[in-house]
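Okay, here's what each chain looks like letter by letter:
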Amino acid sequence: MNIDISEVIEFINSQLKAKNLQGLRDIETAIIEELWQDKSLNYTEIAENTSFAEGTIKNKASELWKRLSEVFSVEVKKSNFTSIIKINYNKIITEEIYNQTSLDEDDIDRSIYSQYQNAKEKDYLEKKIQISQIEKTLREKTNWGQKRLFGIEKILDKLGENLQSPDDYWLMSLTGAGGIGKTSLTEKLVSEYADDGSFVKLAWTTAKINKLEADMSVKKRHNRIDIDLNVDTLLYDIATQLDIYLPPANRDHFPALRRKLRSDPYLIVIDNLETLADYERLLDRFNPFDPDCHIRPSKVILTSRKDVKANNVGVREKKILGLDRSATLEMIRYEAQELDIVKQASDEELEAIYQKTKGNPLMILLIVSLLINNHEPLDKIFERFEANQEMQDFLYVELVLSLSQNARDVLTYATQFSPNSLIEHSDLQQTSGLNDDEFIEARNQCIKFNLLDSSRSSVTSEARYSIHSLLYKFLRRIINE
């Protein structure tokens, strides 16, 4: 059933009024009118079609989605807005007709009866396919929907455009330090931009042996694909999730999978693929430069702590950085909202957590958890945080073991300097004992794995390096053991 835009506006205003919420403003009406005509529009295009600035459009749209989420008791976002309005509009029509004392075709207007039949059929079909394969996979394979994310709006919007564009790279990569939120952002990306008909099915597989539980404890995974990961078992796992038949011989697996991926738009997520060897072996298959390897209209998203674009410029890569100060403080107050000392704390008092974590969401959660469970001042909480061996191992063991010996030596020698200090390039190289070529190669590997931070104050100054205090504690513990 087609719903006229005027009916949509009237319906939304009535639902907002019923909840005693602010009715639609002019700019919100403009956003709705644009999306109702074409739900694939991004905020830039909406701004171009209206008289409002892009930044204003994004801010007001965010406010609108929050109010509508409260009205319909489900998260409303740009990608699912039209579907949610249609579902709720049809449900109300159906309920109104159901509530009539008699529902005989001879007793009501034929157009209303037809409307009733269409709404009833649509409601039945929507309930029947209520959980799509993509949503089902997200529920089974990830922590989707269990956490609120902060400071991701701009990057999520851009990644969503990349994912939905058939002309953009078919191989995407999200990289960054451990705990920085790559997996959570990918979950959000897929749920908001892939589950709207853009892709027919999703396969989600992970290369990480350990996983972090909700109570911040680390558990080993017992799935065979996680324990014995190689390209063949990974491809088999992907094909199984997508219901794609593979021939008996391993050498025929990828050609068969590729043929199917070219026939329909599938989405594959390979999460936490940390080692260089795994990347190289995968890119031998998923090689954007080889015309025989392309899988359009399907797409692949990789997440890893290692940057890969230097090895393959045919990748749409985004390096995920820590939250900024504002988003960090918002996250702290949200996660510790039941804690009076956090409610009463000033932003300046909470600033120390931002400085200690550098906006790393996993580290923020750990510190908040320690605050909730320990009645100690913040400096003591930081000591507990840095002494958490389980978290150190979760973040660093697999990654450090995958480095070359020279790269491990560079990190080890970095611990001979004071924690959180900036180490001059010449000082670190001299301490490591490596020649120029060896040091540059080892340093670059540490940087690409997001274990070593590099900065320069000017074009005439040499680089300076630092490592996170938690990594410092981990390395010192390993050295002493």
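Bear in mind that the values here come from a model prediction, so they are computed numbers and not experimental data.

Novice: Teacher, can you tell me more about the nonpolar core here?
Specialist: A general tendency of soluble globular proteins is for nonpolar side chains to be buried together. The biggest cluster of nonpolar side chains holds 51 residues, and the ones touching the most others in it are I332, L395, Y396, L451 and I467. When contributions to this core are tallied by element, the ones reaching two or more residues are α14 (325–335), α16 (347–357), α17 (361–373), α18 (378–386), α19 (389–401), α20 (405–414), α22 (436–448) and α23 (469–480). Considering every element that reaches this core, the biggest residue donor is α17, with 8 residues. The residues touching I332, leaving out its near neighbours within four places in the chain, are V342, L350, I353, I364 and V368.

Novice: Sorry, what's going on with the packing of α16 against α17 here?
Specialist: Any two packed helices are characterised by how steeply their axes cross, that is the angle between the axes, and by the distance between the axes. Packing of α16 against α17 leaves a shortest axis separation of 9 Å and a crossing angle of 135°. Taken together, α16 and α17 sit at an angle that is classed as oblique. Crossing of α16 against α17: the hand is right-handed. For the pair α16 and α17, the contacting residues are I353, K356 and T357 in the first and M363, I364, I367 and L371 in the second. In terms of residue class, the contact of α16 with α17 is built from 5 nonpolar, 1 polar and 1 charged.

Novice: How should the pairing of strand β5 (residues 266–271) be read in this particular structure?
Specialist: Residues in a regular strand point their side chains to alternate faces of the sheet. Burial analysis of β5 places 6 of its 6 residues in the buried class, the great majority of the element. Going residue by residue along β5, you find Y266, I268 and I270 tucked away on one face and L267, V269 and D271 tucked away on the opposite face as well. Of the strand pairs in this sheet, strand β2 (residues 201–206) and β5 are connected by 6 bridges, and their pairing is parallel. By the bridge assignment for β5, K201 is matched with Y266. Taken together, the 4 bridges between β5 and strand β6 (residues 299–304) define a ladder with parallel strand orientation. Bridged to I270 within β6 is L302.

Novice: Would you explain the confidence of the model for the protein in this entry?
Specialist: Reading predicted coordinates in detail is not appropriate for stretches of low pLDDT. Here the protein shows a mean pLDDT of 82. Residues at 70 or above account for 83%. In the model, residues 123–130 has pLDDT below 50 throughout and makes 3 contacts with residues more than four positions away in sequence or in other chains. Within the model, the stretch residues 222–228 combines pLDDT values under 50 with 14 contacts to residues more than four positions away or in other chains.

Novice: Help me understand the sheet that holds β2, please; the structure alone is not making it clear to me.
Specialist: Strands pair in a sheet through their backbones, by hydrogen bonds, and they do so in one of two ways: parallel or antiparallel. Strands sit in the order β2-β5-β6-β1-β7 across an open sheet of 5 strands; the sheet is parallel. Either end of the sheet is taken by a strand with one partner, and the two such strands are β2 and β7 (316–319). Neighbour to neighbour, the strand axes of the sheet diverge by 15° on average, direction disregarded. In this sheet, β6 lies alongside strand β1 (residues 171–175) in parallel orientation, the contact comprising 5 bridges.

Rules used in this analysis
- Residues numbered from 1 in each chain as written.
- Predicted model: local features only at pLDDT ≥ 70, side-chain atom pairs only at ≥ 80, totals over all residues.
- Heavy atoms only, no water.
- Core = buried A, V, L, I, M, F, W, Y, C linked by side-chain atoms within 4.5 Å.
- Buried < 20%, exposed > 50% of the residue type's maximum accessible area, 1.4 Å probe, protein only.
- Helix = DSSP H or I, 4+ residues; strand = E, 2+ residues; numbered from the N terminus.
- Contact = heavy atoms within 4.5 Å.
- Axes fitted to C-alpha atoms, helices over the stretch in contact; angles between N-to-C directions.
- Parallel < 35°, antiparallel > 145°, perpendicular 65-115°, else oblique.
- Left-handed = near helix turned anticlockwise from the far one by under 90°.
- Nonpolar A, V, L, I, M, F, W, Y, C, P; charged D, E, K, R; others polar.
- Pairing = 2+ DSSP bridges.
- pLDDT = per-residue confidence, 0-100.

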